[in-house]
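# Reading the structure
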Amino acid sequence: MRVALVTESFPPDVNGVAHCALETARHLVRRGHDPLVIAPLGGAAPASGTQESPCPVVRVPSVPLPGYPQVRIALPGRRLSAALAGHRPDLVHLASPFVLGARAMAAATRQRVPAIAVYQTDLGRYARTYLGGGAATAWRRIKAVHAAADRTLAPSSAALLDLTEHGVPRVHLWPRGVDSERFHPGRRDAVLRSSLAAGRELLVGYVGRLAPEKEVRLLAETSRLPGVRTVVIGDGPSAAGLRAALPEVRFMGRRTGDELARLYASLDVFVHTGPYETFCQTVQEAMASGVPVVAPRAGGPLDLVDHGRTGLLVTPGDGAAFRDAVRFLAGSAELRARYGAAARGAVAQRTWEAVGDQLLAHYEAVLSDRTAVAA
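Residues numbered from 1 in each chain as written. Predicted model: local features only at pLDDT ≥ 70, side-chain atom pairs only at ≥ 80, totals over all residues. Heavy atoms only, no water.

The protein chain goes by Glycosyltransferase family 1 protein in an unreviewed UniProt entry, where it is assigned to Streptomyces sioyaensis.

## Brief notes about the domain arrangement of the protein chain
What the domain assignment lists for the protein chain is domain 1 (2-177 + 351-374) and domain 2 (185-348). Of the residues lining the interface, 24 residues belong to domain 1; the matching set on domain 2 comes to 16 residues. Roughly 1600 Å² is buried in total at the junction of domain 1 and domain 2, and carbon and sulfur atoms are behind 54% of that figure. Counting every contact that joins domain 1 to domain 2 gives zero salt bridges. Counting residues per element, the ones that place at least two in the side of domain 1 that touches domain 2 are β5 (68-74), α4 (123-131) and α6 (157-165). If you tally residues by element for the side of domain 1 that touches domain 2, the top one is α4, at four residues. (Domains from an automatic or database assignment. Contact = heavy atoms within 4.5 Å. Buried area = accessible area lost by both parts, 1.4 Å probe. Salt bridge = Lys/Arg side-chain N within 4 Å of Asp/Glu carboxyl O. Helix = DSSP H or I, 4+ residues; strand = E, 2+ residues; numbered from the N terminus.)

## Brief notes about unusual backbone geometry
With omega at 15°, the peptide bond leading from P11 into P12 counts as cis. Following the sequence through the fold, P12 ends up in the loop between β1 (2-7) and α1 (16-30). For R112, which is not glycine, the phi torsion reads 60° and is therefore positive. The residue R112 is located in the loop between α3 (100-110) and β7 (115-118) in this model. Looking at R112, the relative accessible area reads 74%, which means it is exposed. Phi at C280 is positive, roughly 90°, even though this residue is not glycine. Tracing the sequence through the fold places C280 in the loop between β13 (269-271) and α11 (281-288). (Buried < 20%, exposed > 50% of the residue type's maximum accessible area, 1.4 Å probe, protein only.)

## So, the sheet that holds strand β12 (residues 250-251)
The six strands are arranged β12-β11-β10-β13-β14-β15 in an open sheet whose pairing can be described as parallel. Looking along the sheet, the strands with just one partner apiece sit at the ends: β12 and β15 (311-314). Pairing of β13 with strand β14 (residues 293-296), which is carried by two bridges, proceeds in the parallel orientation. By the bridge assignment for β14, F270 is matched with V293. (Pairing = 2+ DSSP bridges.)

## Some thoughts on helix α7 (residues 190-197)
For α7, the set of buried residues is R193, L196 and A197. All buried residues of α7 lie within an arc of 95° about the axis, which places them on one face of the element. Where the residues of α7 are buried, they touch β10 (202-207), β11 (228-233), β12 and α10 (257-266). Two residues or fewer past α7, A198 is found with a positive phi of approximately 50°. (Arc of directions from axis to C-beta.)

## Details of the pairing of strand β8 (residues 151-154)
Side-chain alternation along β8 places R151 and L153 on one buried face and T152 and A154 on a second face that is also buried. With three bridges joining them, β7 and β8 adopt parallel strand pairing. From the neighbouring strand, I116 faces β8, where its bridge partner is R151. Bridge analysis of β8 against strand β9 (residues 171-173) gives three bridges, and the strand direction is parallel. When the bridges of β9 are listed, L153 appears paired with H172. Regarding topology, α6 serves as the crossover connection from β8 to the parallel β9, and that connection is right-handed. (Right-handed = clockwise from strand over helix to strand, strands pointing away.)

## Some thoughts on the pairing of strand β2 (residues 34-40)
The buried fraction of β2 is high, at six of seven residues. Relative to β2, β1 is paired through five bridges, and the arrangement is parallel. If you follow V6 over to β2, its bridge partner there is I38. A crossover links β1 with its parallel partner β2, the connecting element being α1, and its sense is right-handed. Pairing geometry for β2 and strand β3 (residues 57-60), over four bridges, is parallel. For I38, the partnering residue across the bridge sits in β3 and is V58.

Below, the structure is given as structure tokens:
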């Protein structure tokens, strides 16, 4: 099967959309299919291809999003249509479609190629956060793109509900995979943990982008708990402001690969503060690492965290609630170990291979439906 994977972000970008697109391309190649990735050019991205990609990559000129230069907006041009015409795909996969994805959806419609749209980003929230408004406009665009697709895939129950309430038809659930070999409790490093904890009894960590919608400032009260050391791993437009606002926190910058896996597994508690996640891959990676999780009772974490068994869900936006949950877990190493083991068990089988095969089943269903209509 020839698949055009059109994505708003791709490595070397570091975010959920880019990572999922890369894993999708890898799985398609692994199963003997022929994918072509089409993604924005800009930043550190090469003009064609990427060292990580298992398949050809066509880059489309782009500009940075105002206020968040790490996010690229693709510019109009002929490269997209030419790439689609040259690859002659059996199906177009749209990863978090908005600008480039909208144009790819239009091109797929003209060329009568079936399309699957994968919803991954709360773009209404991004519009409010970075553009000062425009959430309604963003949702109109989201609905228009997804309604034109043969099928929309939502990563969580909360995202599926959000899409259906905004009038998007034909929505199905497709979660995200996790590399449960890389993110593993066996990566725990006592020496690393000791150096990070700096004599404190409990090591708490956040992993992710440092951006307004992640609400990392909510870690302030947690970072002041006696005997608790808080570390933040990641980078983004809010980094400088957060360093000033959270003097008790150790900021470690962006980490990837096996180094990131060791950091996850060496934590005693993982905390995610952002309430607008359509899935929340970092929560899943922490769980695969055998670490109990504290997360908002909202969005993607509702599907991932079993409250009172694999972690704790707290009121979104409430720094005191995060603090109290961490303090509760700090009181019992046995409880943390039990939560961590249950967390690992809950996600260990959600590999990218298993989730990738679910995606292929969605592809086959769409192609079968098109064939039936044509007949």
